[in-house]
Amino acid sequence: MTAPDQYGQDVQIWQMTDPPSIPGAAQALADGIIPRTVMRFSSASERGATLDSPIEGMTTWLEDSNSFEIWNGSAWITPEPDLVSGTTGLSAAAGFTVNDFFGYRQGRVTSIDLYLTRTGGTIDASGGNITDTVCATVPTSWRPTHSTINGCWDNGAAHGGYVIGVDGIVTLRTASNDIGSGTNLRLHITFLRTTF
């Protein structure tokens, strides 16, 4: 009679006291191991036709969508990546100081918040335009990876736009009003990183 494996995984191991049967021993091992591996299927429909009674924890790879999914007891789900956060590494450009920095990333989705104070002279706005003004550099792990992207800032009384490049340089581009010394600026952006 087969006996459970020593790791508590309910894999049945053929015993020396069992009647000799290479096919039986191989089948017992396959039946215990295969459901605990990453099973490959061409599509979800092929998987559904093959696994009519999946067991919680079964893991599959779908070739048509290049997706990794786990049966949670009631549905096939894609496991969420861990949430990563950071609060250090933001450097202010001349004429600004850093109050706070928060970065959050889950998978490729990245969201960053910069809180700066203008310590230099007033940045004059004219018709919504200002002279492009570098205000900070974002740490490497929080930068966009594919191109320069646009974000928004505000200070409670004025608002505008800025860009952040793959080099991490943050540049103020527009303002609805002048940005005076002592003004607190909050900049926010969410984007997808194309590489890690």
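Residues numbered from 1 in each chain as written. Predicted model: local features only at pLDDT ≥ 70, side-chain atom pairs only at ≥ 80, totals over all residues. Heavy atoms only, no water.

### Brief notes about the overall build of the protein chain
Assigned secondary structure in the protein chain consists of two helices and 15 strands. Here the protein chain has a C-alpha radius of gyration of 28 Å; the compact-globule value for 196 residues is 16 Å, and the former is much larger. A buried classification covers 34% of the 196 residues belonging to the protein chain. Across the protein chain, contacts joining residues at least 24 apart in sequence account for 47% of those joining residues at least 6 apart. Of the roughly 11400 Å² of accessible surface on the protein chain, a fraction of 54% belongs to carbon and sulfur atoms. (Helix = DSSP H or I, 4+ residues; strand = E, 2+ residues; numbered from the N terminus. Rg over C-alpha atoms; globule rule 2.2 N^0.38 Å. Buried < 20%, exposed > 50% of the residue type's maximum accessible area, 1.4 Å probe, protein only. Contact = heavy atoms within 4.5 Å. Areas by Shrake-Rupley, 256 points an atom, 1.4 Å probe, with all protein chains shown as cover.)

### Thoughts on a nonpolar patch on the surface
A cluster of nonpolar side chains, namely Ile13, Leu29 and Ile33, defines an oily patch on the protein surface of about 220 Å² accessible area. In this structure, Ile33 sits in helix H1 (residues 22-33). Residue classification places Ile33 among the partly exposed positions, given a relative accessible area of 38%. (Patch = residues over 30% accessible without salt bridge, like charges linked within 9 Å, V, L, I, M, F, W, Y side chains within 5 Å. Salt bridge = Lys/Arg side-chain N within 4 Å of Asp/Glu carboxyl O.)

### Notes on the pairing of strand E12 (residues 149-154)
Of the two faces of E12, only one is covered, namely that formed by Ile149, Gly151 and Trp153; the face formed by Asn150, Cys152 and Asp154 stays uncovered. As defined by bridge partners, E12 adjoins strand E13 (residues 159-164) across six bridges and the pair is classed as antiparallel. Bridged to Gly151 within E13 is Tyr162. The antiparallel hairpin formed by E12 and E13 contains four residues in its connecting segment, where Gly156 sits at a positive phi of about 95 degrees. (Pairing = 2+ DSSP bridges.)

### Overview of the nonpolar core
Grouped together as the largest cluster of nonpolar side chains are 25 residues, with contacts concentrated most on Ile112, Leu114, Trp153, Val170, Leu172 and Leu187. No other element matches the four residues that strand E15 (residues 184-192) contributes to this core. For Trp153, the contacting residues outside a window of four places in its chain are Ala158, His159, Gly160, Gly161, Tyr162, Leu172, Thr174, Ala175, Ile179, Leu185, Arg186 and Leu187. Ranked by size, the runner-up nonpolar core spans six residues in total, among them Met39, Phe41, Leu51 and Leu62. (Core = buried A, V, L, I, M, F, W, Y, C linked by side-chain atoms within 4.5 Å.)

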